[in-house]
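Observations on the three-dimensional arrangement
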Amino acid sequence: MTASTRSTVLSLYRRVIRIARTWQAQSGVTSDTETERKYIVQEARTLFRQNQQLTDQESIKKCLEECEARIEIGLHYRNPYPRATYLPPLGLATQKGRKLRAQQRLRKQAKPIYLQSHDET
């Protein structure tokens, strides 16, 4: 990791922690605010530690873009949780063969950047 990339990552992490400190739940309830603050800090720690060993500049860039997108979406909607995606279920394809692989590839391509670190549910 280059020095400029390292400083970018650290500044982004500090930004997330600052946002968590000043976060106010949209409902205005104190318990909701505390729950959402804890979620923001825990999610940031988990994802930054998970991606700590990345060395490929392209994958680091994708992670930074995802983080920035999640910050902007969270601030815009005042909701720290990832937004749901509405993709067609896999039940329409056959369970093996080319059609299933094609549909899985399309689902992966259609996944928004702010959800790249989340597994399929």
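Now for a look at the structure at hand. (Residues numbered from 1 in each chain as written. Predicted model: local features only at pLDDT ≥ 70, side-chain atom pairs only at ≥ 80, totals over all residues. Heavy atoms only, no water.)

**Examining the nonpolar core**
- Ranked by internal contacts, the top residues of the largest apolar core, which has 14 residues, are L12, V16, I40, L64, C67 and I71.
- Residue assignment for this core shows that the elements contributing at least two residues are α1 (3–22), α2 (30–50) and α3 (57–77).
- At six residues, α1 tops the list of elements feeding residues into this core.
- Sequence-distant contacts of I40, that is, excluding residues within four places in its chain, are made with V16, A20, W23 and P80. (Core = buried A, V, L, I, M, F, W, Y, C linked by side-chain atoms within 4.5 Å. Buried < 20%, exposed > 50% of the residue type's maximum accessible area, 1.4 Å probe, protein only. Helix = DSSP H or I, 4+ residues; strand = E, 2+ residues; numbered from the N terminus. Contact = heavy atoms within 4.5 Å.)

**Overview of the packing of α1 against α2**
- Running from N to C, α1 and α2 cross one another at 165 degrees; their axes reach a closest spacing of 8 Å. Judged on the interaxial angle alone, α2 and α1 are roughly antiparallel. Classified by chirality, the crossing of α2 by α1 is left-handed. Counting all contacts with α1, which are made through V9, L12, Y13, V16, I17, A20, R21 and T22, the residues of α2 involved are R37, I40, V41, A44, R45 and F48. (Axes fitted to C-alpha atoms, helices over the stretch in contact; angles between N-to-C directions. Parallel < 35°, antiparallel > 145°, perpendicular 65-115°, else oblique. Left-handed = near helix turned anticlockwise from the far one by under 90°.)

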